[in-house]
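Notes for the structure review
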Amino acid sequence: MDKKNIVAGNWKMNKTPLEGKRFIREVKSIIKDIHCTEIIFFPAFTGLFDTQLNNPFHLGAQNCHWETSGAFTGEISIEMLNECEVEYILVGHSERRQLFNETDAVINKKIRSIQSSKLKPILCVGETIDDRKSGLTKDFLKGQLVKNLEGIDSIENFIIAYEPIWAIGTGETANKEQIYNAHSYIKSILKKLYPNKNNCPILYGGSVNTKNAKDLIQISGVDGFLIGGASLDKDSFTSIVRDVENFRR
Ligand code: PGA
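Notes on the structure follow. (Residues numbered from 1 in each chain as written. Predicted model: local features only at pLDDT ≥ 70, side-chain atom pairs only at ≥ 80, totals over all residues. Heavy atoms only, no water.)

1. As for the overall build of the protein chain
- In terms of regular secondary structure, the protein chain is built from nine helices and eight strands.
- Relative to a compact globule of 249 residues, whose C-alpha radius of gyration would be 18 Å, the protein chain shows 17 Å and is just as compact.
- Principal-axis analysis of the C-alpha atoms gives the protein chain an extent of 45 × 45 × 35 Å.
- Burial analysis of the protein chain (249 residues in total) assigns 50% to the buried set.
- For the protein chain, restricting intrachain contacts to residue pairs at least 6 apart in sequence, the fraction spanning at least 24 positions comes to 71%.
- Counting every atom, the protein chain has about 12,100 Å² of accessible surface; 49% of that belongs to carbon and sulfur.
- In the protein chain, which carries 32 positive and 31 negative side-chain charges, the distance between the mean positions of the two groups comes to 3 Å. (Helix = DSSP H or I, 4+ residues; strand = E, 2+ residues; numbered from the N terminus. Rg over C-alpha atoms; globule rule 2.2 N^0.38 Å. Buried < 20%, exposed > 50% of the residue type's maximum accessible area, 1.4 Å probe, protein only. Contact = heavy atoms within 4.5 Å. Areas by Shrake-Rupley, 256 points an atom, 1.4 Å probe, with all protein chains shown as cover. Lys, Arg positive; Asp, Glu negative; His and termini not counted. Charge placed at Lys NZ, Arg CZ, Asp CG, Glu CD.)

Okay, here's the thing in structure tokens:
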């Protein structure tokens, strides 16, 4: 079978450890027959421990520090995540960039550290509404990709998420043409940066919900979704997983 589509649920600062475990149990019991889709849960750090998952379910962390250990109060190392059987780490989410002042240089450090572990980064990129209105979307995306991937010699285990900032948590989804153009452009940049291996999955994120998922997954170049709000409810999350799965079958 060719590459699977991916549905990733970013819970952000929601769900206690017990709520998260119950949620995963419920989701698993609703969708037992998934073969063409990879599902990744992103609980808060406290929900990562003792959450063993098997295919097609995988575990991701919302953040990490780039150092292996030391005096970094409040931070979590990649090794700690690895011991929780985490496979993926979100990097460069716009909330980290905007609310926690993560710069492209910091994101680059995190990606370098993740790359030297066996975990895999999901790098989020996306423009602000001002960039889009001023026709600067491409420049902005290129700038983020080039700076975030500086010194990274292979993106073989990477996932990229295109998340226009103005569509995150706003109920306003990018339209088909905007998504197609952004994904094609990201692909073209990756091809230039990595002429040999550049076919990492590109997810769309930004107000994906049960009403639009069926249409959005059909856009050429969309390999799945990174979902915030709609990933918190078992019915909406599993309905989106089914739409993605059925599209592939
Ligand atoms: P949203 O969030 O689906 O609630 O818009 C997406 C994200 O932040 O990844």
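2. Quick notes on helix 9 (residues 234-248)
- With 15 residues, helix 9 should reach 21 Å at 1.5 Å per residue; the first-to-last C-alpha distance of 21 Å fits that figure.
- Listed as buried for helix 9 are Ser236, Phe237, Thr238, Ile240, Val241, Asp243, Val244 and Glu245.
- Contacts from the buried residues of helix 9 go to strand 1 (5-10), helix 1 (17-30), strand 2 (37-42), helix 8 (213-216) and strand 8 (224-227).
- At the N-terminal end of helix 9, a side-chain oxygen is found 3.1 Å from the backbone nitrogen of Asp235, two or three residues along, and the residue is Asp233. (Expected span 1.5 Å × (residues − 1). Polar contact = N/O pair within 3.5 Å; in protein donor to acceptor, adjacent residues only side chain to side chain.)

3. Some remarks on the packing of aromatic side chains
- Here the structure, examined in full by the defined rule, presents seven aromatic pairs.
- An angle of 85° between the planes, with centres 6.4 Å apart, marks the rings of Phe23 and Phe41 as edge-to-face. Of this pair, Phe23 sits in helix 1 while Phe41 sits in strand 2, placing them 18 residues apart in sequence.
- Taking the relative accessible area as the measure of exposure, Phe23 reaches 4% and is therefore buried.
- Measuring from centroid to centroid gives 5.9 Å for Phe41 and Phe237, while their planes differ by 45°, and the two rings are tilted. In this pair, Phe41 is assigned in strand 2 and Phe237 in helix 9, connecting sequence segments 196 residues apart. (Phe/Tyr/Trp six-rings, centres within 6.5 Å; stacked < 30°, edge-to-face > 60°.)

4. Focus: the nonpolar core
- Among the nonpolar cores identified, the biggest contains 61 residues, and Phe41, Tyr204 and Phe225 are the most heavily contacted of them.
- When near neighbours in sequence (up to four residues on either side) are disregarded, Phe41 contacts Gly9, Trp11, Phe23, Ile24, Val27, Leu53, Phe57, His58, Leu59, Gly60 and Phe237.
- The next biggest cluster of nonpolar side chains, apart from the first, holds 12 residues, and it includes Ala8, Ile122, Leu203 and Leu226. (Core = buried A, V, L, I, M, F, W, Y, C linked by side-chain atoms within 4.5 Å.)

5. Quick notes on the sheet that holds strand 5 (residues 120-125)
- An order of 1-2-3-4-5-6-7-8 is seen for the eight strands of this closed barrel, with the pairing classed as parallel. Across the sheet, the axes of successive neighbouring strands diverge by a mean angle of 25°, strand direction being ignored.
- This element, helix 4 (residues 104-115), spans strand 4 (88-91) and strand 5 of the sheet and lies at about 170° to strand 4. (Pairing = 2+ DSSP bridges. Axes fitted to C-alpha atoms, helices over the stretch in contact; angles between N-to-C directions.)

6. Here's the deal with the site of the ligand
- The immediate surroundings of the ligand are formed by Lys12, His93, Glu163, Ala167, Ile168, Gly169, Gly206, Ser207, Leu226, Ile227, Gly228 and Gly229.
- Its free accessible area being 280 Å², the ligand has 95% of it covered by the protein chains.
- Residues belonging to the shell around the ligand are distributed by class as follows: four nonpolar, six polar and two charged. (Near = heavy atom within 4 Å. Nonpolar A, V, L, I, M, F, W, Y, C, P; charged D, E, K, R; others polar.)

7. Some words on the packing of helix 4 against helix 6 (residues 137-148)
- Across the interface, helix 4 lies against helix 6 with an axial gap of 8 Å and an inter-helix angle of 45°. In terms of axis orientation, helix 4 runs oblique to helix 6. Residues Asp104, Ile107, Asn108 and Ile111 of helix 4 pack against Gln144, Lys147 and Asn148 of helix 6.
- Within the contact of helix 4 with helix 6, the residues separate by chemical class into two nonpolar, three polar and two charged. (Parallel < 35°, antiparallel > 145°, perpendicular 65-115°, else oblique.)

Honestly, it's all geometry; don't read function into it.
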